[in-house]
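# Examining the three-dimensional arrangement
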Amino acid sequence: MPSKLYERNKRMMNLSEVINFLPRMKSGNKLLAALEVLPEYNNDICFADVSTRLMALSDIYKIYIPSQMSLEIYSKLYLALLRSMQKKGTKLAIQQRNQNYKAIIQQEYSGIIGGSDSFTIIGTSGIGKSSAISRAITLITENKVIETKNPYTNIALCIVVQCPFDSSVKGLLLEILRKVDEILDTKYYQNALRARATTDMLIGSVSQVALNHIGILIVDEIQNVANSKNGKNLMKSLTQLINNSGISICMVGTPESAKFFESAMQLARRSVGLQYTTMSYDTYFQEFCKIIFQYQYTQQKTEITEGMIKWLYEHSAGVISVVVALVHDAQEIAILNGTERLNLESFNEAYQKRLSLLHHYIQPSISQSKQTSKIKKKATRAIVSINTNSEAVSNSVNIADLVVKAKNENIDIIQLLKKYISIEEVSV
């Protein structure tokens, strides 16, 4: 049996060979299978006591079904990491290392190695982009840290930080050092605090640390730059960090950040990447609902129907995290009140009581003309209220003639009347 020392030495390699140590890039069905997470489920759990079932119910949040977004994010991150690692150990990297050392003292920066690339992953909150990134990182960085012997160094393949709420440049740079210390057991953060390093000094220090010890840097919550006066300064610092370290930087945020990046050419050029909106009612959404419905912890099992799937889509606006919350909370309510059944009644109760703060954002996606819920038995119909005193009414308009025209030309009478008369549609 090999000793621990032998195993450790076996992992050591020259820095120029480090890309050969990365796991091979997956694709197709192998990638889908590797990304998928399905917690173990036993039907006997339905007969356990209430507390046991409620604790097991949280497994629903662990379910991850990869989508097309998951595949694209995995590929983007893998190739970005590969490009970063290819630059380490080169002649240019050695020259940049010397330049960064001088910059810390003289504060005169020069990008010799050049930027690798930066890109964005922008998507609506709750669609699963953070989960997709997390799953991708898990596959890409099977070994979170790689050790090299020529020169001897440790490389953290991926560092994830959050953009400060006030877009503080110094705050972000210190957080990067703290995360590196956390993974590599170094003391860069403490040394920076002890030296009372200025922002300019920190840019040089972090560039050096990134060049030596970081594969890819992921900055989450980047939308904070859009609402802060320091936003552009932070982006300039990240650009300088890219040029002085050669690492790839991925910026993750909500659609708020897109408008910020579009405001200037230099920002737009640095933020080309992936963009996602809420999910459409497609095969993936339907399959996701069917899979999550298999994780039932109520005493009575319910088969999912097309009506339930449509209800979930209408009341989630196509946001996966809301679907998961609805399925979880509906079961929790059913278990606690003793109904012990996952159905439209429990879904509706969860939507009304637990998701009330989201109604403003979800409501526009709910179909009012065709309600799939059996709870709301009253049909929704439109009552047309004609304001005959409106200035929009012309004396030359003959409603009877418009009705005949609509009938002969097969035109919606309401839409036709709107051209001449002020009409208000009221749902009852």
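About the cut-offs
Residues numbered from 1 in each chain as written. Predicted model: local features only at pLDDT ≥ 70, side-chain atom pairs only at ≥ 80, totals over all residues. Heavy atoms only, no water. Helix = DSSP H or I, 4+ residues; strand = E, 2+ residues; numbered from the N terminus. Buried < 20%, exposed > 50% of the residue type's maximum accessible area, 1.4 Å probe, protein only. Contact = heavy atoms within 4.5 Å. Areas by Shrake-Rupley, 256 points an atom, 1.4 Å probe, with all protein chains shown as cover. pLDDT = per-residue confidence, 0-100. Core = buried A, V, L, I, M, F, W, Y, C linked by side-chain atoms within 4.5 Å. Polar contact = N/O pair within 3.5 Å; in protein donor to acceptor, adjacent residues only side chain to side chain. Axes fitted to C-alpha atoms, helices over the stretch in contact; angles between N-to-C directions. Left-handed = near helix turned anticlockwise from the far one by under 90°. Nonpolar A, V, L, I, M, F, W, Y, C, P; charged D, E, K, R; others polar. Parallel < 35°, antiparallel > 145°, perpendicular 65-115°, else oblique. Phe/Tyr/Trp six-rings, centres within 6.5 Å; stacked < 30°, edge-to-face > 60°. 1 Å grid on protein atoms, 1.4 Å probe; cavity = no way out; pocket = protein on both sides within 12 Å on 5 of 7 lines; lining within 4 Å. Points joined across faces, edges and corners; volume = space filled by probe spheres on them. Arc of directions from axis to C-beta. Pairing = 2+ DSSP bridges.

Next up on the list: the overall build of the protein chain. Looking only at helices and strands, the protein chain features 19 helices and 9 strands. The burial tally for the protein chain puts 45% of its 428 residues in the buried class. Look at the contacts in the protein chain between residues 6 or more apart in sequence, and 79% of them connect residues 24 or more apart. Here the protein chain displays about 23000 Å² of accessible surface, and carbon together with sulfur accounts for 50% of that area.

Looking now at the confidence of the model for the protein chain. Model confidence for the protein chain is summarised by a mean pLDDT of 80, while 75% of its residues fall at 70 or above. pLDDT under 50 marks residues 364-371. Its contacts with residues more than four places away, or in other chains, come to 14 contacts. Residue range residues 373-396 is modelled with pLDDT below 50. Its contacts to residues more than four positions away, or to other chains, number 36 contacts.

Ile60, Tyr297, Leu326 and Phe347 are the most contacted members of the largest nonpolar core, which has 38 residues in total. Elements with a contribution of two residues or more to this core: helix H3 (50-57), helix H13 (283-293), helix H14 (306-314), helix H15 (320-337) and helix H16 (344-354). Grouped together as the second largest cluster of nonpolar side chains are 36 residues, Val169, Val206, Ile214 and Leu241 included.

Take the side chain of Thr141 next. Along the chain, the position of Thr141 falls in the loop between helix H6 (129-140) and strand S3 (145-150). The class for Thr141 is buried, based on a relative accessible area of 9%. Reaching out from Thr141, the side chain makes a polar contact with the backbone oxygen of Ile137 at a distance of 2.5 Å. Non-local contacts of Thr141, meaning those with residues more than four positions away in its chain, are made with Leu157 and Cys158.

Below, the discussion takes up the packing of helix H7 (residues 169-184) against helix H9 (residues 199-213). Where H7 meets H9, the axes come as close as 10 Å, and the angle between the chain directions of the two elements is 35°. Relative to H9, the crossing made by H7 is left-handed. Contact residues: Val169, Lys170, Leu173, Leu174, Ile176, Leu177, Val180 and Leu184 in H7; Thr199, Leu202, Ile203, Val206, Val209 and His213 in H9. Within the contact of H7 with H9, the residues separate by chemical class into 11 nonpolar, 2 polar and 1 charged.

With their axes 10 Å apart at the nearest point, helix H2 (residues 28-35) and H6 run at an angle of 110° to one another. In terms of orientation, H2 and H6 fall into the roughly perpendicular class. In this structure, H2 uses Leu31, Ala34 and Leu35 to contact H6, whose residues at the interface are Arg135, Ala136 and Leu139. Tallied by class, the residues present in the contact of H2 with H6 amount to 5 nonpolar, no polar and 1 charged.

What follows concerns unusual backbone geometry. A positive phi angle, near 55°, is found at Ser167, a position not held by glycine. Within the secondary structure layout, Ser167 lies in the loop between strand S4 (152-162) and H7. Backbone geometry at Glu340 places phi at a positive 55°, although glycine is not the residue there. By the element assignment, Glu340 lies in the loop between H15 and H16.

The subject of this paragraph is the packing of aromatic side chains. In total, this model carries 10 aromatic pairs according to the counting rule given. Where Tyr41 meets Tyr297, the ring centres are 5.4 Å apart and the plane angle is 90°; that geometry is what we call edge-to-face. You can see Tyr41 sitting in the loop between H2 and H3 and its partner Tyr297 sitting in the loop between H13 and H14, a full 256 residues away along the chain. Judged by relative accessible area, which is 22%, Tyr41 ranks as partly exposed. Judged by its relative accessible area of 2%, Tyr297 is buried.

Another aspect to go through is the layout of surface pockets. If you add up the space inside the largest pocket, you get close to 470 Å³. Surrounding the largest pocket, 27 residues form its lining, Gly126, Ile127, Gly128, Ser131 and Ser321 being those nearest its centre. Those elements that place two or more of their residues in the lining of the largest pocket are helix H4 (68-87), H6, H13 and H15. Across the lining of the largest pocket, the residue classes break down as 12 nonpolar, 11 polar and 4 charged. Counted as a void, the second largest pocket has a volume near 350 Å³. Along the walls of the second largest pocket sit 17 residues, with Ser134, Ile137, Cys158, Ile159 and Val160 positioned nearest its centre. At 5 residues, H6 tops the list of elements feeding residues into the lining of the second largest pocket. In the lining of the second largest pocket, the residues fall into 9 nonpolar, 4 polar and 4 charged.

Applying the stated rule across the entire model yields 2 cavities of 30 Å³ or more. Each pocket or cavity is described by its volume, and for the largest cavity that value is around 50 Å³. Every residue lining the largest cavity is listed: Leu77, Leu81, Ile137, Ile140, Thr141, Leu157, Cys158, Ile216 and Ile218. Where the lining of the largest cavity is concerned, the elements lending two or more residues are H4, H6, S4 and strand S5 (214-220). Considered class by class, the residues forming the lining of the largest cavity number 8 nonpolar, 1 polar and no charged.

Those residues of H3 not exposed but buried are Arg53, Ala56 and Leu57. The buried residues of H3 occupy an angular sector of 110° when projected down its axis, which confines them to one face. If you follow the buried residues of H3, they end up packed against H15.

On a regular strand, one side chain projects to one face of the sheet and the next to the other, so that they alternate. By the criterion of burial, strand S2 (residues 117-123) is predominantly enclosed, with 7 of the 7 residues buried. Of the two faces of S2, the one holding Asp117, Phe119, Ile121 and Gly123 and the one holding Ser118, Thr120 and Ile122 are both buried throughout. Relative to strand S7 (residues 274-276), S2 runs parallel, the two sharing 3 bridges. Across the sheet, residue Ile121 finds its bridge partner in S7, namely Leu274.

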